[in-house]
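Each chain is listed here by its residues.
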Amino acid sequence: MEEALACVSRADGRGQTLRDHLARLVIALKDKDEKKTKSEIEKISISLKETTFTLPVPKEIPSVMREEGVQTIIKNLSKLVTLCKVPPSTPLPPPPEEKEVKNLEEGEDELPPTIEHYPWRNGDTQASTQDIEGDSTFLSWAGVSLGSDTTAMLALSVRELSVKKQTKQARFFGKIIGLKADYYIVEAACPQSLIDSDQARVAAEAKAAKQNKTTYAELDHSEPWGVGVNQLIYFATNSPTATAEEWTMLPRVQPLWIRTARETRRFFTGNLSARVGGYPYFPWGEAALLRARIALIAHSCSLAPAGYFVPDDEVEEGVGAIMYNAEYVEEEVKKAEDLWIPNDDKNDPANLVPDVMASAANWTHILPFIRMGSDIKGVNNGGRVTAWTPVENDEDEDQQEQTEDVGEQYNPEDDEEEVPEEILRTLEEDKSDFTYLVNEEGDPLPPWKFEVCTAMGKFPTKVPNAVIAAHSLVWPGAVCISNGTQFCNIYVGNGQPRLPTFYSTPAPPVILDEWKDPNEEEQEEDAPPIPNGLAEKKDPRVPKPDLDEDEDDED
């Protein structure tokens, strides 16, 4: 009995005991009807507990919508719903035709589908966007993959950008990794409206320069839209699910941006409006640095199988446009095995190492070379494709008179830099500063690495479904793949080139000489040197002594 009383007398965490609760329950039942006591005893017990133990009631019940991260998820899902909707101006593709199934013999591999996308063809209107999902399969064989989910969302985003911005031949250029966010880059052909407006701007600036008698060194030396480094336009965003409004068109690149970006070693932050620190000083912001790096990568690493393009003779001389070779596929100029030629080395019976020079001869660049440049009478062609030429206006002003007024002017013939004139130059002509890229005779090799890739991995064997990958050694992350009839270029990296030696900050510019007053008379050679290099300050109001009178006095 004592143990039972001790059990019911134990207090809980709130200081209440079962004995007290039973006592209050008996008191509450005293006033109740005896017939209803048994049925209401449980209700009375619960009511007593509620009056004794008060639970804290929140003033406001939290909603799931206010939880951290839920708003971001809902926003991304809304973007996906928008991107998945087929735009009204985009016609639906025709239903696929049923093809006859071919019975493959034992040991025979199935041929891969063709890469229906990019090749940037002059006047091509067959496809406005790249087949990103189709190319991702071949890129994964070469070791380049963004993930299936990211690739699918990116394909929808690029399609919407092409429709709403009315761009042609849009393709995914690549991904540049940043410190806080990454950049997804899209390349497209420059629209004619942008070219026309830029031509009007150039003509207006030339007219104003003639009226103000401006020297050539003070003019804008950048290439207009549709020419040289500005022949293509680029869009950037930080999300693969970006809508058309979230894609930012990068500005027209200036030659000075490219010249400075060649010496700058800075990682990207992921913010286009961020300031670029370090030395050399780059005051134009991260958007300008990104555009300059894209120009350097694109003009160095955009490749195609040799023979895929031919020069376009109908385009004005100097622009150097190329066009698609219609006879390439019909004549089968190149096959997959022709883009990777093994090295016939007796010490390598399995042919595991390719012949770099022989393989490089079957690949060509499809974008022109960017000049290194030098300062010539205030004009530097570095960062341009073509040499800068002053614009001539059809006015009755005397050009010779203007030249005499502003002094000696720049002449395009003064630029003696040797640059390759042809766009379709083979990779054999590429040179690098890497001392280890030499053959047995000590001659430099092209800075490229060639691999044979299949769905099962990388095997240097000639298989029907193989693709060849050309990796750049100067710009790690730049790769071009081809199956002999189609090709695809992409870049995935941090936007930094590989250096032949350890990085060192460029030396500061030469210190300028002290300013000299042109009205000050030059010091005579026989005159004693002025102490500490300080010139004696003379008051012009003090009369000079008469030396003849002094001589007469001495006599």
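Numbering of residues begins from 1 in every chain and follows the order in which that chain's sequence is written. Whole-chain, interface and lining totals are the exception, using all residues; otherwise, since this is a predicted model, local features are given only for residues with pLDDT of at least 70 and side-chain atom pairs are given and counted only at 80 or more. Calculation of side-chain values draws on the structure's entire complement of heavy atoms; hydrogens and water are dropped beforehand.

1. Side note on the overall build of the protein
Reasoning step 1: In this description a helix means any DSSP run of H or I spanning at least four residues, a strand means any run of E spanning at least two, and both kinds are numbered starting from the N terminus. Within the protein, the secondary structure is distributed over 13 helices and 15 strands.
Reasoning step 2: Between buried and exposed lies partly exposed: a residue is buried under 20% and exposed over 50% of the maximum accessible area for its type, with that area taken using a 1.4 Å probe on protein chains only. Across the 555 residues of the protein, 37% fall into the buried class.
Reasoning step 3: When checking whether two residues touch, look at their non-hydrogen atoms; a contact exists if any pair is within 4.5 Å. Long-range pairs, those at least 24 residues apart, make up 65% of the contacts in the protein between residues at least 6 apart in sequence.
Reasoning step 4: With an accessible surface of roughly 35900 Å², the protein has 52% of that area assigned to carbon and sulfur atoms. The method behind every accessible area is Shrake-Rupley, applied with a 1.4 Å probe, and residues are considered shielded solely by the protein chains displayed.

2. Structural notes on unusual backbone geometry
Reasoning step 1: The amide bond that connects Tyr 279 to the next residue, Pro 280, takes the cis arrangement and shows omega of 5°.
Reasoning step 2: Tracing the chain through its elements places Pro 280 in the loop between α8 (255–263) and α9 (286–301).
Reasoning step 3: Notably, Gln 169 is not glycine yet its phi reads approximately 55°, a positive angle.
Reasoning step 4: Residue Gln 169 is classed as buried on the basis of its relative accessible area, which comes to 11%.

3. Describing the pattern of salt bridges
Oppositely charged side chains may form a pair once their charged atoms are brought near each other.
Reasoning step 1: For salt bridges, the criterion is a side-chain nitrogen of Lys or Arg within 4 Å of an Asp or Glu carboxyl oxygen. This model, assessed by the stated rule, comprises eight salt bridges.
Reasoning step 2: Of the charged contacts in the structure, one is a salt bridge between Arg 171 and Glu 187, with a shortest N-O distance of 3.0 Å. Taken together, the residues Arg 171 in strand β1 (residues 171–176) and Glu 187 in strand β2 (residues 183–189) connect sequence positions 16 residues apart.
Reasoning step 3: Classification of Glu 187 by relative accessible area gives buried; the value is 2%.
Reasoning step 4: The partner of Arg 201 in a salt bridge is Asp 220, and the shortest N-O contact between them spans 3.5 Å. Remark: Asp 220 occurs in the loop between α7 (192–211) and β3 (232–237) and Arg 201 occurs in helix α7; sequence separation between them is 19 residues.
Reasoning step 5: Under the relative-accessibility criterion, Arg 201 is labelled partly exposed at 22%.
Reasoning step 6: Taking the relative accessible area as the measure of exposure, Asp 220 reaches 31% and is therefore partly exposed.
Reasoning step 7: Residues joined by salt bridges that share partners form a network here, namely Asp 198, Arg 201, Glu 205, Asp 220 and Arg 252.

4. Description of the pairing of β3
Reasoning step 1: Counting buried positions over the six residues of β3 gives six, a clear majority of the element.
Reasoning step 2: When DSSP finds at least two bridges between two strands, those strands are taken to pair. Of the pairings in the sheet, the one linking β2 to β3 comprises six bridges and is antiparallel in character. Counted as the bridge partner of Glu 187 is Tyr 234 from β3.
Reasoning step 3: With two bridges joining them, β3 and strand β4 (residues 248–249) adopt antiparallel strand pairing.

5. Observations concerning the nonpolar core
Reasoning step 1: Of all hydrophobic cores here, the largest spans 54 residues; its most connected members are Leu 290 and Trp 363.
Reasoning step 2: Counting residues per element, this core draws most heavily on α9, which supplies ten residues.
Reasoning step 3: Core analysis: the second largest hydrophobic core is formed by 29 residues, Leu 154, Phe 172, Ile 195 and Phe 235 among them. What is meant by a nonpolar core is a set of buried Ala, Val, Leu, Ile, Met, Phe, Trp, Tyr and Cys residues, joined one to another through side-chain atoms within 4.5 Å.

6. Looking at the confidence of the model for the protein
Reasoning step 1: Averaged over every residue, the pLDDT of the protein is 75; the share at 70 or more is 67%.
Reasoning step 2: Predicted confidence in the protein is weakest over helix α12 (residues 399–406), with a mean pLDDT of 46, and strongest over β3, with 96.
Reasoning step 3: Throughout residues 98–127 the model reports pLDDT below 50, and contacts reaching past four residues in sequence, or to other chains, amount to 54 contacts.
Reasoning step 4: Here pLDDT means the predictor's own confidence in every residue, given as a number from 0 to 100. Here residues 530–537 scores under 50 on pLDDT; set against residues more than four positions off or in separate chains, the count is three contacts.

7. Here's the deal with the side chain of Asp 430
Reasoning step 1: With respect to the helices and strands, Asp 430 occurs in the loop between α12 and β11 (448–454).
Reasoning step 2: No salt bridge forms around the buried Asp 430; measuring N to O, its nearest opposite-charge neighbour Arg 425 is 4.9 Å away.
Reasoning step 3: What qualifies as a polar contact is a pair of N or O atoms within 3.5 Å, subject to a donor-acceptor requirement within protein and to the restriction that residues adjacent in sequence count only when both atoms come from side chains. Within the structure, Asp 430 has its side chain in polar contact with the side chain of His 365 (distance 2.8 Å).
Reasoning step 4: Once residues within four sequence positions are removed from consideration, Asp 430 is found in contact with His 365, Leu 445, Pro 446, Pro 447 and Trp 448. For the charge count, each Lys or Arg is scored as positive and each Asp or Glu as negative, with His and the chain ends excluded.

8. Considering the packing of α8 against α9
Reasoning step 1: Running from N to C, α8 and α9 point in directions that differ by 85°, and their axes come no closer than 9 Å. Taken together, the axes of α8 and α9 are roughly perpendicular relative to one another. Of the residues in α9, those in contact with Trp 257, Ile 258, Ala 261 and Arg 262 of α8 are Ala 288, Leu 289, Ala 292, Arg 293, Ala 295 and Leu 296. To get an axis, a line is fitted to the C-alpha atoms, and for a helix only the part in contact is used. The angle between two axes follows their N-to-C directions and goes from 0 to 180 degrees. Roughly parallel here means an angle under 35 degrees, roughly antiparallel means over 145, roughly perpendicular means 65 to 115, and every remaining angle is called oblique.

9. Description of the packing of helix α5 (residues 132–141) against helix α6 (residues 148–164)
Reasoning step 1: At a minimum axis separation of 9 Å, α5 and α6 run at an interaxial angle of 145°. When you trace α5 past α6, the crossing you get is right-handed. Contacts from Ile 132, Glu 133 and Ser 136 in α5 reach Thr 151, Ala 152, Leu 154, Ala 155 and Val 158 in α6.
Reasoning step 2: Residues were grouped as follows: Ala, Val, Leu, Ile, Met, Phe, Trp, Tyr, Cys and Pro as nonpolar; Asp, Glu, Lys and Arg as charged; and all remaining residues, including Gly, as polar. Class assignment of the residues belonging to the contact of α5 with α6 gives a composition of five nonpolar, two polar and one charged. Take the far helix as the reference: if the near one is turned anticlockwise from it by less than a right angle, the crossing is left-handed, and if turned clockwise, right-handed.

10. Looking at the packing of aromatic side chains
Reasoning step 1: The pairing test for Phe, Tyr and Trp rings, Trp by its six-membered ring, is centres within 6.5 Å, and the orientation test on the planes gives stacked under 30 degrees, edge-to-face over 60, and tilted for anything in between. Applying the stated criterion across every chain yields a total of ten aromatic pairs.
Reasoning step 2: Each ring, one from Tyr 183 and one from Phe 268, has its centre 6.2 Å from the other, and the planes form 85°; the classification is edge-to-face. Remark: Phe 268 occurs in the loop between α8 and α9 and Tyr 183 occurs in strand β2; sequence separation between them is 85 residues.
Reasoning step 3: Residue class for Phe 268 comes out buried when judged on its relative accessible area of 0%.
Reasoning step 4: Seen from their ring centres, Tyr 308 and Phe 487 are 5.1 Å apart, and the 85° between their planes marks the pair as edge-to-face. Of this pair, Tyr 308 sits in the loop between β5 (303–305) and β6 (309–311) while Phe 487 sits in strand β15 (residues 487–493); the two residues are 179 residues apart in sequence, bridging distant segments of the chain.
Reasoning step 5: Taking relative accessible area as the criterion, Tyr 308 reaches 0% and is therefore assigned buried.
Reasoning step 6: Judged by relative accessible area, Phe 487 falls into the buried class, the value being 0%.
Reasoning step 7: One aromatic cluster in this structure is built from Tyr 308, Phe 309, Tyr 324 and Phe 487.

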